[in-house]
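Chain by chain, the residues run as shown.
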Amino acid sequence: MRRLKALSMPIVAAAIGLLAASARADERTDARREFRAGMQAISDTRYEEGIEHLERAYQILPHPNVLYNLALAHMYAGHDEEALLYFERYKDASPDADHTEVDQWMRELRPPPEPEPVAPAPVVVAPTPLPLEPAPAAPSPVPKPPPKRRATAGTDVRKGVYDERVTSASRLSQSPLDAPNATAIITSQEIRMSGVTQLSALLRRVAGVEVAQVAPYHAEVSIRGLNRRSSNKVLLLFDGRPMRKDFMGTNWIDMMPILVDDIERIEIIRGPASALYGADAFSGVINVITRAPGQGGSFAVGRFGNQGQYQAGASFSGKVGKDVSYRGSAAYLQANNFARVVGPNRVDIRTPNGEAVRSMEVMAANADVAWQYARQGTASIGGNLAAGDFTIQGLSRLGQVVSDPSYEGQIYGQLTSPYGIRVSTTYNRLAGHPLPAFIAPTSISDSRSFIRQELYDLDVSWSGNFDLLVPQTLTVGASYRYKYVDWTWLDTQHAQHHEGAYIQDVLQLAKPLRLQVGARIDHHPLLRSLQFSPRASLVYRFFGEQSLRLSGGRAFRGPTFMESYLDLPNDTPLRGITAIGKGNQKLDPESITSIELGYQNQQSDYFSLEINAYYNWIKDAILFTNNDRFTLGDFAGGDRLAAYNPVAQAFPVSALSFANERAVYRQYGGELGVRAYPMPGLDLFVNYSLHKTEPIEKDKVDPARANEQQTSLHKVNGGAMYRARFGLDLSADVSWFSDQKWIEQVTDVDTGVRWQSYNLPSFVMVNARIGYRLFGDTLDLGVVGTNLAFQDKRQHPLAQPLDTRVLGTAKVRF
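**Digging into the overall build of the chain**
And then number 1: Along the chain, the regular secondary structure elements total 11 helices and 35 strands.
And then number 2: The buried share of the chain, taken over its 814 residues, is 56%.
And then number 3: When the accessible area of the chain is evaluated, it comes to approximately 35,400 Å², of which 60% is carbon and sulfur surface.

**Let's talk about the sheet that holds strand 6 (residues 263–270)**
And then number 1: The five strands lie next to each other as 1-6-7-4-5, forming an open sheet whose pairing is mixed. Sheet topology places strand 1 (182–187) and strand 5 (241–242) at the edges, where each strand pairs with a single neighbour.
And then number 2: Examined bridge by bridge, strand 6 and strand 7 (residues 284–290) share seven bridges and lie antiparallel to one another. Bridge assignment links Ile-269 to a residue of strand 7, and that residue is Val-285.

**Quick look at the environment of Arg-32**
And then number 1: Inspection of the secondary structure assignment puts Arg-32 in helix 2 (residues 27–43).
And then number 2: Under the relative-accessibility criterion, Arg-32 is labelled buried at 7%.
And then number 3: Along the sequence, Arg-32 and Tyr-58 sit 26 residues apart, while their C-alpha atoms lie 9.7 Å from each other.

**Regarding the packing of helix 3 (residues 47–60) against helix 4 (residues 64–76)**
And then number 1: Interaxial distance between helix 3 and helix 4 falls to 10 Å at its minimum, and their mutual angle equals 165°. What the angle tells us is that helix 3 and helix 4 run roughly antiparallel. With respect to the hand of their crossing, helix 3 and helix 4 are arranged in left-handed fashion. For the pair helix 3 and helix 4, contact is made by Tyr-47, Ile-51, Leu-54, Glu-55 and Tyr-58 and by Val-66, Leu-67, Asn-69, Leu-70, Ala-73, His-74 and Tyr-76, respectively.
And then number 2: Of the residues contributing to the contact of helix 3 with helix 4, the split by class is nine nonpolar, two polar and one charged.

**So, unusual backbone geometry**
And then number 1: In the Ramachandran plot, Asp-620 falls in the positive-phi region, its phi being about 60° despite a non-glycine side chain.
And then number 2: Locating Asp-620 in the fold gives a position in the loop between strand 24 (607–619) and strand 25 (622–629).
And then number 3: The exposure class assigned to Asp-620 is partly exposed, which follows from its relative accessible area of 24%.
And then number 4: Positive phi is not limited to glycine here, since Phe-775 has a value of about 55°.

**Quick word on the packing of aromatic side chains**
And then number 1: All chains considered together, the criterion is met by 20 aromatic pairs.
And then number 2: Relative to Tyr-310, the ring of Phe-304 lies with its centre 5.2 Å away and its plane at 50°, an arrangement referred to as tilted.
And then number 3: Relative accessible area serves as the criterion here: at 36%, Tyr-310 is assigned to the partly exposed category.
And then number 4: Geometrically, the ring pair formed by Phe-542 and Phe-543 is edge-to-face, given 5.7 Å between the ring centres and 70° between the ring planes.
And then number 5: Classification of Phe-543 as exposed rests on a relative accessible area of 65%.
And then number 6: Aromatic ring contacts, followed pair by pair, group Phe-247, Trp-252, Phe-390, Trp-487 and Trp-489 into a single cluster.
And then number 7: The ring of Phe-238 has Arg-241 sitting right over it, with the charged end atom 5.1 Å from the ring centre.
And then number 8: Positioned above the aromatic ring of Phe-299 is the side chain of Lys-811, whose terminal nitrogen or guanidinium carbon lies 4.5 Å from the ring centre.

**Considerations on the pairing of strand 18 (residues 513–523)**
And then number 1: With 11 bridges connecting them, strand 17 (residues 494–510) and strand 18 associate as antiparallel partners. Its bridge partner lying in strand 18, Gln-504 is registered against Gly-518.
And then number 2: Here strand 17 folds back onto strand 18 in antiparallel fashion, the turn holding two residues.
And then number 3: In this structure, strand 18 lies alongside strand 19 (residues 531–542), joined through 10 bridges in antiparallel fashion. Paired with Arg-520 across the two strands is Ser-533, which belongs to strand 19.

**A word on the pairing of strand 1**
And then number 1: Counting buried positions along strand 1 yields six of six residues, so the element is predominantly enclosed.
And then number 2: Of the two faces of strand 1, the one holding Ala-182, Ala-184 and Ile-186 and the one holding Thr-183, Ile-185 and Thr-187 are both buried throughout.
And then number 3: Pairing geometry for strand 1 and strand 6, over six bridges, is antiparallel. By the bridge assignment for strand 6, Thr-183 is matched with Ile-269.

**Some points on the environment of Tyr-412**
And then number 1: Of note, Tyr-412 is situated in strand 13 (residues 400–416).
And then number 2: Along the sequence, Tyr-412 and Ser-380 sit 32 residues apart, while their C-alpha atoms lie 8.4 Å from each other.
And then number 3: Apart from residues no more than four positions distant in its own chain, Tyr-412 is found in contact with Arg-241, Ala-367, Asp-368, Ser-380, Ile-381, Gly-382, Gly-383, Asn-384, Thr-425 and Thr-426.
And then number 4: Looking at Tyr-412, its side chain comes within polar contact range of the side chain of Asp-368, at 2.8 Å.

Parameters and conventions
Along every chain, residues carry numbers that run from 1 in the direction the sequence is written. Side-chain atom pairs in this predicted model are given and counted only at pLDDT of 80 or more, local residue features only at pLDDT of at least 70, and totals for whole chains, interfaces and linings cover all residues. Only heavy atoms go into the side-chain values, all of them from the structure, while hydrogens and water stay out. Under the DSSP-based scheme used, a helix requires at least four consecutive residues in state H or I and a strand at least two consecutive residues in state E, with every element numbered from the N terminus. Burial classes follow relative accessibility: with a 1.4 Å probe on protein chains only, a residue under 20% of its type's maximum area counts as buried, one over 50% as exposed, and anything between as partly exposed. The Shrake-Rupley method, run with a 1.4 Å probe, gives the accessible areas here. Residue values count only the displayed protein chains as cover. Note on pairing: two strands pair once DSSP finds at least 2 bridges between them. Angular values range over 0 to 180 degrees, each being the angle between N-to-C directions of two axes fitted as lines to C-alpha atoms, with helices fitted over their stretch in contact. Throughout this description, any angle smaller than 35 degrees is read as roughly parallel, any larger than 145 degrees as roughly antiparallel, any in the 65 to 115 degree range as roughly perpendicular, and the remainder as oblique. In this scheme, a crossing is called left-handed if the near helix is turned counterclockwise away from the far one by less than a right angle; it is called right-handed if the turn is clockwise. When checking whether two residues touch, look at their non-hydrogen atoms; a contact exists if any pair is within 4.5 Å. Residue polarity follows a fixed list, in which Ala, Val, Leu, Ile, Met, Phe, Trp, Tyr, Cys and Pro are nonpolar, Asp, Glu, Lys and Arg are charged, and the others, Gly among them, are polar. Aromatic pairs are defined between Phe, Tyr and Trp rings, using the six-membered ring for Trp, whenever the two ring centres lie within 6.5 Å; interplanar angles under 30 degrees are classed as stacked, those over 60 as edge-to-face, and all others as tilted. Charge-over-ring contacts are defined here by two conditions on Lys NZ or Arg CZ: a distance within 6 Å of the ring centre and an angle within 35 degrees of the ring normal. Residues adjacent in sequence count toward polar contacts only when both atoms are side-chain atoms; beyond that, a polar contact is any pair of N or O atoms within 3.5 Å, and within protein one must be able to donate a hydrogen and the other to accept it.

Structure, rendered in structure tokens:
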């Protein structure tokens, strides 16, 4: 521990001294500042000054539309040759754009062709003429009229080049200022600067996102509360494709088959989104978006650290001709657990797979190919595969679970037509052999355990723009999802068919006022009626880059396979006695109704501000609560559930099953976030979130659960990034969480099942990175430290205690 402290102190000290030199932190931020200054100068007819700003913006972060605006600025300034050069560069950088207008300007800018030379007339010798009056001087040549220009400079420029865009909130590209939900974006620059290699650690920095780390590569993630073991209220997407484990409803976000270096951005949608995505977008959406095929270049990366941390990977991206792009990657990742699951002296405990030292050992590969077949028309196909071993937190008294071996793979395709039609399809297959990490003398051993899941998704949609009283963008679509699960925890194999249809309309009621309405209908095979999920949002834009949003909606979550079909013996402290876990096929869906008020300010180049407040009502929460205790009559009467269980080698004393919570819960809270860019190269952020979940009628819940606080009431994040021009990178972030009170179910002989309260104290997480870029950013070296506050605390009462980790990294671009 002393060596870790000594190694991490320089990292923290360097992060504290962030103001020491000129730098570039978030490239997009610095480029946007230069771009906006240039556009303002051009609007004021200060063309030379504007050109200088735009050239600096392009040097910081190249973008085709900057070339377009540079060409216009030179054209307005009368620099015809420079304008032609930049128009040519723009066309080369954006081959898919409509160049009709650009070609017209280029024809006007080019000088007329030189006239063909005329042969001289033959010389005729004539008599010397008589003297005449001198001829008048030839008039001065008239300058060629300049090419036709727009009446007002700046009216045809392309603005907002470096402004943030989100697609997950509406399935349309739009500014976060116009989005119907509160949104957050983690950029590729933030990912690189942080040095963090796990998605859950990146999400921890976002206001309103809750993360409970239970093992090095297993974290439970929720949005605006409702975090629990096997958290199932958030929809996880991978380039818009669902990655949810439908047999349990969980996401296992740290086990996605991708290097973080290949991520372009992560979009977080806070609040219900079933109006677009259906059953699983209960409290929010996390969409991990990778860089497109053909973009970003190629690289190789290696990482090595304490606690058995090894990572190695490579990614290749390029083009074949003008229309075909590709990207492929492969990676190997491994890390040990935070702590030994079984002590070396516990001779009374068996470990089926040996000591569970390793938390993760996985190999992963991805491949994507895209074909541009028309302007705004693309076809793509790809796949990914991850295989290996990992440790997760189990259910009930199961504790740690080791999956050895397991794999998950996807094959997917997408077609986008120039006419607004989009077709997306995905096939997913998962298989594994999960076992308890340890078997205590009173535990139930199930060496037969295995799981196989197959999913097929199809989504078809159309989007189009039209004017009907006001400008509108209409989206309509339909989806189909097939689910198949074969799992020893269930009574038998099961297959389900799910269908849905949705509609969304974005109406520009006035220049500053936008109304977005939508709704979706879903059919779930076990629910008694169709599920209707509406959503509406009214956004008022004022002073250019500020917005006020009022939104509301409803979302639902249908029962998972485990909640519907479970058939599993549970451990009890007494050998020979068990409690049977049973599913319930008559569950109602969980539902949430939400109202949200939000304000955003992106007016300044030096800071941005976000404020959100929300109030939610939650009904019919699904919990593992029903406890039917058996009597002697049940055993004598031949009740199948009360019979001796040969697998568990035990007699059941009760049957535990899932049921809908009688009480209605309310949630209230909010988020406050500020980002500041006080100087080129320095990016600071701080955010605060408040969240409370409580039953409206406390007499309808178990007294132990009436005051639960599984999400911290208060959470504060802060951090800084510094990127020096001479190659130095520094980053540090701090997260503080107030105390929590977790309520978990335990089984015993007397009561069968009861709620147990666990108090977790407040917690501080400190991460930092120091890096250096060499040879024009070709080589990137760094050292990353996580949990530098050295608090070996738990983020869940049954989780592993966190340790401090240090990781050395090297990345080569080619």
